[in-house]
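A look at the structure
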Amino acid sequence: MPPMTRIHALGHYQPEQVLTNDELATMVDTDDTWIRQRTGIATRHIAKEESVADLATAAAGKALAASGLAPEQIGQVIVATCSARDRVPSNAARVAGRLGIPDAVTFDLNNGCAGFTTALATADHTVRAGAASHALVIGAERMSEVTDWTDRSSCVLLGDGAGAAIVSHDGPADGIGPVVWGSDPSRAGAVRLEGAWQPRFGQEGQTVFRWATTELAPIARLACERAGVAPSELAGIVTHQANLRIIESLARQLKAPDAVVATDVVHSGNTSAASVPLALAKLVERREIPIGAPVLLFAFGGGLAWAGQVIRCP
């Protein structure tokens with residue numbers, strides 16, 4: 001019988017500097033009320049000197065410590081990121097080196113804001129196939145480095161941070177449910193990070209908003225169906241933290257009245273691939289969701305891509 005999987009432990013990290021809406025109002029033509037009404041965001045964390053690898057290592061170190069595993073027990077390290085400056089060596093290789101992980105397969109994965117849930121499914125498949133007993137999956141972004149700070153429509157959205165999860169064998173049969181993933185390449189240009197370094201983030205906001213609020217709920221319900229969990233049974237919903245209005249719309253459509261809905265976007269902004277593990281780790285740290293309860297993870301964004309699965313809360 002193939003190994004079962006679970007999220008063994010979590011960790012998260014955000015830079016110390018906090019940028020408020022009032023501070024942004026001194027940089028571009030905006031104000032706190034305008035930002036909150038359209039996005040729900042109040043603050044975001046900004047890295048001064050820390051790289052994507054630095055953020056990833058900080059979150060991963062916490063997850064590894066919480067797991068009680070030795071570094072040599074980790075057989076795979078994946079860093080999901082779209083904002084990393086360095087390409088080779090991979091950020092995953094840098095994390096492994098800094099944490100003393102000796103022999104793991106290491107690689108970066110870029111699926112935009114859906115990067116972490118895509119990477120989580122990849123690690124889940126690796127462990128189920130017996131190619132590794134434990135995998136370290138990290139979502140880490142320094143979006144501030146690819147932000148156009150003169151564009152008020154996008155600079156108010158983005159923040160920096162990282163979240164990490166240890167995926168381990170010997171979990172319950174439904175510890176990590178089947179992934180639902182895909183993309184709509186016909187609208188791939190709706191979210192962009194293009195150009196030679198230094199690229200800039202850009203998006204067609206209304207296109208993304210309509211897509212997220214009208215087409216994604218059925219896909220999220222399919223993730224529940226494949227896991228054998230009715231949406232009404234969910235104890236938690238952790239979607240990509242893009243915009244509070246999108247999060248609330250998806251939650252309403254799923255009709256999960258007892259679920260805790262992650263709204264970390266209010267304090268962290270849109271941290272792209274880091275947003276799901278960052279929000280999940282905080283909910284678990286505050287013990288807002290019971291151990292073993294079903295939680296929907298669902299991310300979406302550039303590509304236009306999506307990936308999600310139901311997990312059992314660690």
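Read on for an overview of the structure. Fair warning: this is a prediction, and the values are worked out from it, not measured in the lab. (Residues numbered from 1 in each chain as written. Predicted model: local features only at pLDDT ≥ 70, side-chain atom pairs only at ≥ 80, totals over all residues. Heavy atoms only, no water.)

Re the sheet that holds strand β5 (residues 105–109)
With respect to topology, 5 strands assemble into an open sheet ordered β1-β7-β6-β4-β5, the strand pairing being mixed. Bordering the open sheet on either side are β1 (5–13) and β5, each of which pairs with just one other strand. Across this sheet, the average inter-strand angle for adjacent strands is 15°, counted without regard to direction. Against the sheet, helix α3 (residues 52–67) touches β1, β4 (76–80), β6 (134–142) and β7 (160–169), its axis set at about 130° to β1. Sheet strands in contact with helix α5 (residues 115–128) are β1, β4, β5, β6 and β7, and its direction is about 165° off that of β4. (Pairing = 2+ DSSP bridges. Helix = DSSP H or I, 4+ residues; strand = E, 2+ residues; numbered from the N terminus. Axes fitted to C-alpha atoms, helices over the stretch in contact; angles between N-to-C directions. Contact = heavy atoms within 4.5 Å.)

Some remarks on the packing of aromatic side chains
Across all of its chains, the model carries 3 aromatic pairs by this definition. Geometrically, the ring pair formed by Trp 211 and Phe 300 is edge-to-face, given 6.3 Å between the ring centres and 75° between the ring planes. Placement of Trp 211 in helix α7 (residues 205–215) and of Phe 300 in strand β13 (residues 294–301) is noted, with a sequence separation of 89 residues between them. Relative to Trp 306, the ring of Trp 211 lies with its centre 6.4 Å away and its plane at 45°, an arrangement referred to as tilted. (Phe/Tyr/Trp six-rings, centres within 6.5 Å; stacked < 30°, edge-to-face > 60°.)

A short note on the packing of helix α8 (residues 217–227) against helix α9 (residues 244–254)
At their nearest, the axes of α8 and α9 sit 10 Å apart, and the two run at 55° to each other. On the basis of the axis angle, α8 is oblique to α9. Classified by chirality, the crossing of α9 by α8 is right-handed. On α9, the residues that touch Ala 217, Ala 220 and Arg 221 of α8 are Leu 250, Gln 253 and Leu 254. (Parallel < 35°, antiparallel > 145°, perpendicular 65-115°, else oblique. Left-handed = near helix turned anticlockwise from the far one by under 90°.)

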